[in-house]
Amino acid sequence: MLEIDELHVSYGKVRAVRGVSLAARPGRVTLVLGANGAGKTTTLRAVMGLQSVDSGRVRVDGTDITGKDTHKVVRAGVSLVPEGRRVFAPLTVEENLLLGGYSTSATDRADTLQKVYGMFPILSDRRDGAAGLLSGGEQQMLAFGRALMSRSKYVLMDEPSMGLAPSVVQTVLMTAREIADSGIGVLMVEQNAEAGLQVADEVVAISQGEVGFTGDVAAARADRAILRAFLGESALSN
Amino acid sequence: MQELINAVSLGCIYMLFAMGMSLVWGTLDVLNFAHGSIFMFSAFSGFYLMQETGNSLPLAALLLVGVVVGALMSVLAYQLVLRPILRRAKDKDSAERQILIGGIGLAGIPVAIVQIQTLSNPFSFRAGSFEVASYDFLGARISNIQIVIWVVGVLLGTAVVLWLRRSRSGLALRSIGVDSEVASLMGIDQGRLGVAAMAVAGGMAGLSGALLCVSFGALTAESGDVLLLKAFAIIILGGVGSMLGTIIGAFFLAGAETLLIANTSGTWVDAVSFGLLFLVLLVRPQGILGRQEVRRT
Amino acid sequence: MNKNLLRSAGIVGATLMTASGLASCGGSGGGSAAATGDCESGLPDTIKIVTVKDQTGVAAYTGTEAWRGIQLAADEINSGDMLDGSKLEVEVKDTAGDVQTAASHVTQAAADSSVSAILGPVLSDQALAVAPIAGKSEVPVVYTQAGSEGIVDEDWNFRATPPLVTYYPKIGQYLEKQGATSVNTVFAADIPTLEQLSHDVLPSVGEDSGFQVGEQVATQSTTQDYAGPVNKAIADDPDALGLLMVGAQISSAMQAVIQSGYQGEVVSYPNAAPAVAEIGKAAAGVTWPTNFDSSIDTPEVKAFDEAYTEAYDGTATNYAAEGYDSLMWVAKAIEEEGCATRDAIKTGLEKVGQAGFTGTQGELTFEANGHDARSDGYVVQWDGEKIVVLEQ
Ligand SMILES: Nc1ncnc2c1ncn2[C@@H]1O[C@H](COP(=O)(O)OP(=O)(O)OP(=O)(O)O)[C@@H](O)[C@H]1O
Ligand SMILES: [Mg+2]
């Protein structure tokens, strides 16, 4: 289990995350909902060691990784699909994937690469092309593939559907589900609540740096506050 | 023919010097203004040891001293000054500015030491342990030291290109150059790779310092400065971050300079090479082989 | 004649302006003590002479060597009781390669009425800044090196080093003996003196000595690779090749000549001395005219070289010899007038200059009314191990 326990993070005087606790479990998708500026990205970055933590703990299967250097967090089995995908645009698709497997052994890398190509045939077709020339959806697939290459037990995803056409959003989120089904714990931040709820197992809602709701999808769909905040008034009237 | 031989030798030296600078600039965002003084101080260390040992060091030992001293200085500069600056800086722009200033400050220290030690006189590896000799080669003259420069240049140039292109750590370095934060998300330890890159860069600077000191006969405390400016032109010409571009830039500048000297009054050499630099900045700001998106200017 | 010229021309105007500014606020000396009193009472117990020369920075070598020569001269004057019981007291101020610093040291020394005379800086840009201060505050300044024009135009300014261009023609005798009819050069075009040597002095010497100057390859003080320039200069296989550049460049140019396989004569100028010594055997045969060499066979040089070796190890340099001669000139002036006021020293310097004297630089004569040294010079050659004198 990836456990985030009473996490506090601030930017100077701005206290962006105030006592957030949540967890990701192998084989399950934990959906994190929250308005703009709620502190979702900050939470994920703090887990990865990209942002220093004021207090609180982050544990991976019992091992404390709070405040560790990013590359050590990755070695501990956690990887992040960053907000906006951030593929290495000038590098080839295959180079991007190989970088994802940077900390694994050469044979593992070769094996996983074949698996990822099997999962995303488009990446295989475009393996020698520059990653920056892929479409948005394809780049998201590459970002997923890159995270999978690390053989992490937990994959954090920051708004994977952002900026994608509605038709592609479904595919991307289904892919997130498949990743979880392969035994990986997925912690997914998603603004598109409706689409997110369709693939999620558990839901955490954050507002202004604090957790407002934790529960399973059914409970979330029954929660009026969540409905109002994330699914719109129309959902409420149903 | 003679011009060609001279241009290739000069190009090799420019290349060895500029490649290291380009490497760390393109990957670690370190535009190291101390590169020139590292180059000079490595050669000076060879000179110093030479004096201490009664002029008995063979050429290979001098080159080795150059590499080791250069690598050490470069790594120290990175660990003690440049890396802390990179870490602490708020954003990329202020990081670049501070790195520049830090580098210029650092550069002053070895220069001052050597100025004091030599009273600003030229220093050179005294003759005795090896002789510079020259031979006829296809109707022109080529010297033994030029042959060494060619061999070292070709070997190292290829090695660095292959390293960056083919190896896992080379790929990792290139990814740092594209997006260092995401690179760390790939599990890349930037501290270690940074040290490795700085060591390679410094080692190459030191090697070119020792080679140049033999080939040109002498260096002064300020010799690094002139070369630094040329390397700057070469890297801009080739495109920041492109090793092949840097190599092409080095030989292009060496060729242009040699041709200019052969065909015009030599006074124009600097004016034309830097004119060329402006032209590139105007017409093709990313350099000959640079990435399309320009990240730095 | 070397680093002093490095930065001369372009900044002259600017330095003159700063200098006059400083001079006006520095006051005009005056006062009462030894240096400005009258001569009725004879020589004072101590006569204070301030040396203002680079001890650090780009011209540190030139400046420290000159200071060595000055100290040797002071010891000799004081221990030989040359000034009738009166002692010279010399001290040094470091200009650190900086024009402003030089100007302010001279201004201070001029304002100190106990200072009788100043031994001025070695770099031309500093000397040009100092000269008007000397004129305004009426204190005699004797330079070494500082070869630019205009420095001794101003009254109260004296120069103990004959400018390179004045004794360079001596090389004609050597080239004529070698039967050279064609001479090419590689020179630093941004250094006025060297440009003058290549463009004016050598061609006019050639008219008397039977050679023609052909290809003259211009380089810059930033040039590092000399393979190309040398290559171009030897393309038509001239009888002799002139190498006229500064510092490390002269080594680089020589190295390039050696690598090129060129077999003709190589001539240069005094800056070649350290370069040939570094290169060793391969540089054998390089020849140049000079105002001083420690192997010159005169009693003055022998005595000076011995004293130098005893005090500092190594052999005496031309810079030290010039420093020595400059203080000797001042001492002779004081002796001549029997008085150590600034006025008397100025008059004495002129008288001694007009008469000429023999120093470590040989027989010195003076132009510009006794202000500016001249000598015939010598021609010396590196034989692969040491410098030998060819024409004396
Ligand atoms: N680098 C920063 N410096 C200062 N404040 C920041 C910084 N990054 C984020 N913040 C602030 O911290 C708070 C949380 O930001 P965060 O990016 O974590 O929100 P988010 O939930 O990911 O929002 P979004 O849905 O818009 O991505 C916001 O108030 C934001 O303005
Ligand atoms: Mg966010």
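Residues numbered from 1 in each chain as written. Chains lettered and ligands numbered in written order. Predicted model: local features only at pLDDT ≥ 70, side-chain atom pairs only at ≥ 80, totals over all residues. Heavy atoms only, no water.

### What about the overall build of chain C?
For chain C, the count of helices and strands is 14 helices and 15 strands. Relative to a compact globule of 392 residues, whose C-alpha radius of gyration would be 21 Å, chain C shows 21 Å and is just as compact. With the C-alpha coordinates of chain C rotated into their principal frame, the extents come out at 70 × 45 × 35 Å. Residue pairs in contact within chain C that sit at least 24 positions apart in sequence constitute 70% of those at least 6 positions apart. For chain C, the computed accessible surface area is about 13400 Å², with 46% contributed by carbon and sulfur atoms. Across chain C, the 20 positively charged side chains and the 54 negatively charged ones have centroids separated by 3 Å. (Helix = DSSP H or I, 4+ residues; strand = E, 2+ residues; numbered from the N terminus. Rg over C-alpha atoms; globule rule 2.2 N^0.38 Å. Contact = heavy atoms within 4.5 Å. Areas by Shrake-Rupley, 256 points an atom, 1.4 Å probe, with all protein chains shown as cover. Lys, Arg positive; Asp, Glu negative; His and termini not counted. Charge placed at Lys NZ, Arg CZ, Asp CG, Glu CD.)

### Focus on the overall build of chain B
Along chain B, the regular secondary structure elements total 11 helices and two strands. Seen in sequence order, chain B has helices and strands lined up from the N terminus as α-α-α-α-β-β-α-α-α-α-α-α-α. For chain B, the C-alpha radius of gyration of 19 Å lies close to 19 Å, the compact-globule estimate for 297 residues. Judged by the C-alpha coordinates and their principal axes, chain B covers about 55 × 45 × 35 Å. By the burial criterion, 59% of the 297 residues in chain B qualify as buried. Summarising the internal contacts of chain B: among those between residues at least 6 apart in sequence, 77% fall at separations of at least 24. As displayed, chain B offers around 11700 Å² of accessible surface, 67% of which is attributable to carbon and sulfur atoms. With 18 positive and 16 negative side-chain charges, chain B shows a separation of 9 Å between the mean positions of the two kinds. (Buried < 20%, exposed > 50% of the residue type's maximum accessible area, 1.4 Å probe, protein only.)

### Topic: the sheet that holds strand S2 (residues 14–24) of chain A
All names here are of chain A. Strand order across the open sheet formed by four strands is S2-S1-S4-S5, with antiparallel pairing between neighbours. Looking at the sheet topology across the chains shown, the edges are occupied by S2 and strand S5 (63–64). Sheet topology places strand S4 (residues 55–60) next to S5; two bridges connect them, and they run antiparallel. Counted as the bridge partner of Val 60 is Thr 63 from S5. Across the sheet, helix H1 (residues 40–47) touches strand S1 (2–11), S2 and S4, and the angle it forms with S1 is around 110°. (Pairing = 2+ DSSP bridges. Axes fitted to C-alpha atoms, helices over the stretch in contact; angles between N-to-C directions.)

### Here we look at the pattern of salt bridges
Residues and elements named next belong to chain A. Per the stated rule, a full pass over the model turns up 32 salt bridges over all chains. One salt bridge in this structure joins Glu 202 and Arg 25, with 2.8 Å as the shortest N-O distance. Placement of Glu 202 in strand S9 (residues 202–207) and of Arg 25 in the loop between S2 and strand S3 (29–34) is noted, with a sequence separation of 177 residues between them. In this structure, Glu 94 and Arg 127 form a salt bridge, with 3.8 Å as the shortest nitrogen-oxygen distance. Linking Glu 94 in helix H3 (residues 93–100) with Arg 127 in the loop between helix H5 (121–125) and helix H6 (136–149), this pair joins segments that are 33 residues apart in sequence. (Salt bridge = Lys/Arg side-chain N within 4 Å of Asp/Glu carboxyl O.)

### Comments concerning the environment of Val 69 of chain B
All names here are of chain B. If you trace the backbone, Val 69 turns up in helix H3 (residues 59–88). By relative accessible area, which is 18% here, Val 69 ends up buried. If sequence neighbours within four positions are ignored, Val 69 has contacts with Phe 41, Ser 42 and Ser 45.

### Considerations on the confidence of the model for chain B
Residues and elements named next belong to chain B. Residues with a pLDDT of 70 or more make up 94% of chain B, whose mean pLDDT is 86. Across chain B, helix H7 (residues 180–185) holds the top mean pLDDT of 93, while helix H11 (residues 269–283) sits lowest at 78. Within the model, pLDDT remains below 50 along residues 292–297, and this stretch shows 15 contacts once partners closer than five positions in the same chain are excluded. (pLDDT = per-residue confidence, 0-100.)

### Here's the deal with the sheet that holds strand S8 (residues 185–189) of chain A
Residues and elements named next belong to chain A. The six strands are arranged S6-S7-S8-S3-S9-S10 in an open sheet whose pairing can be described as mixed. Here the strands that pair on one side only, and so sit at the sheet edges, are strand S6 (78–81) and strand S10 (210–216). In this sheet, adjacent strand axes meet at a mean angle of 15° when their direction is disregarded. Looking at chain direction, S9 and S10 are connected through six bridges and run antiparallel.

### Here's the deal with the site of ligand 1
Residues and elements named next belong to chain A. Lining the immediate environment of ligand 1, one finds 13 residues, of which Gly 37, Lys 40, Thr 41, Thr 42 and Gln 191 sit closest. The separation between an oxygen atom of ligand 1 and a polar main-chain atom of Gly 37 is 2.8 Å. Contact distances for ligand 1 include 2.7 Å between an oxygen atom and a side-chain N or O atom of Lys 40. Contact with the protein chains removes 60% of the 630 Å² of surface that ligand 1 exposes when unbound. Of all the elements, H1 adds the most residues to the shell around ligand 1, at three residues. Its residues assigned to classes, the shell around ligand 1 comprises four nonpolar, six polar and three charged. (Near = heavy atom within 4 Å. Polar contact = N/O pair within 3.5 Å; in protein donor to acceptor, adjacent residues only side chain to side chain. Nonpolar A, V, L, I, M, F, W, Y, C, P; charged D, E, K, R; others polar.)

### With respect to the packing of aromatic side chains
Taken as a whole and assessed by the stated rule, the structure comprises 16 aromatic pairs over all chains. Ring plane angle 85° and centroid distance 5.3 Å describe the contact between Phe 17 of chain B and Phe 39 of chain B, whose orientation is recorded as edge-to-face. Here Phe 17 of chain B, found in helix H1 (residues 2–28), pairs with Phe 39 of chain B, found in helix H2 (residues 35–52); they are 22 residues apart in sequence, far enough to count as distant. Taken as a pair, Phe 17 of chain B and Phe 39 of chain B share a single burial class, namely buried. A cation over a ring is seen here: Lys 346 of chain C above Trp 156 of chain C, with NZ or CZ 5.3 Å from the ring centre. (Phe/Tyr/Trp six-rings, centres within 6.5 Å; stacked < 30°, edge-to-face > 60°. Lys NZ or Arg CZ within 6 Å of the ring centre and 35° of its normal.)

### Some words on the nonpolar core
In summary, soluble globular proteins display a tendency toward joint burial of nonpolar side chains. By size, the foremost hydrophobic cluster in this structure holds 121 residues, and its most contacted members are Met 48, Val 78 and Leu 156 of chain A together with Leu 28, Phe 123 and Ile 188 of chain B. Per element, the largest residue contribution to this core is 14 residues, and it comes from H1 of chain B. (Core = buried A, V, L, I, M, F, W, Y, C linked by side-chain atoms within 4.5 Å.)

### Quick look at the interface of chain B and chain C
The parts lose accessible area when they come together, and the size of an interface is often stated as this lost area. Across the boundary between the two partners, chain B contributes 37 residues, which contact 29 residues of chain C. Between chain B and chain C the total buried area reaches about 2800 Å² when both faces are included, carbon and sulfur atoms providing 50% of it. The three residues of chain B that bury the most area against chain C are Leu 119, Phe 216 and Ile 261 of chain B, which together make up 20% of that side's buried surface. On inspection of chain B and its partner chain C, the count reaches zero salt bridges. Joining chain B to chain C, the criterion identifies seven residue pairs in polar contact (both at pLDDT 80 or more). At the level of elements, H1, strand S2 (140–143), helix H5 (144–166), helix H8 (190–216), helix H9 (223–238), helix H10 (243–263) and H11 of chain B are the ones that each hand at least two residues to the side of chain B that touches chain C. The element that contributes the greatest number of residues to the side of chain B that touches chain C is H1 of chain B, accounting for four residues. Looking at side-chain class alone, the side of chain B that touches chain C contains 15 nonpolar, 17 polar and five charged residues. (Buried area = accessible area lost by both parts, 1.4 Å probe.)

### Concerning the state of the cysteines
Residue and element names in this part refer to chain B. For the coordinates displayed, the defined rule picks out zero disulfides over all chains. Not engaged in a disulfide, the cysteine Cys 12 finds its nearest cysteine sulfur in Cys 213; these two sulfurs lie 18 Å apart. For Cys 12, a relative accessible area of 2% translates into the label buried. (Disulfide = S-S within 2.5 Å.)

### A closer look at the interface of chain B and chain A
Taken together, the contact between chain B and chain A spans 19 residues of the former and 22 residues of the latter. Of the roughly 1900 Å² buried where chain B meets chain A, counting both sides, 66% is carbon and sulfur surface. It is Arg 168, Leu 185 and Met 186 of chain B in chain B that bury the most area against chain A; as a group they hold 35% of the surface buried on that side. Counting the contacts that link chain B with chain A gives four salt bridges. In this structure, Asp 179 of chain B and Arg 86 of chain A form a salt bridge, with 3.1 Å as the shortest nitrogen-oxygen distance. Linking chain B with chain A are seven residue pairs in polar contact (both at pLDDT 80 or more), by the criterion used here. Ranked by the residues each element gives to the side of chain B that touches chain A, the list is headed by helix H6 (residues 168–178) of chain B, at six residues. Considering only residue class, the side of chain B that touches chain A consists of nine nonpolar, three polar and seven charged.

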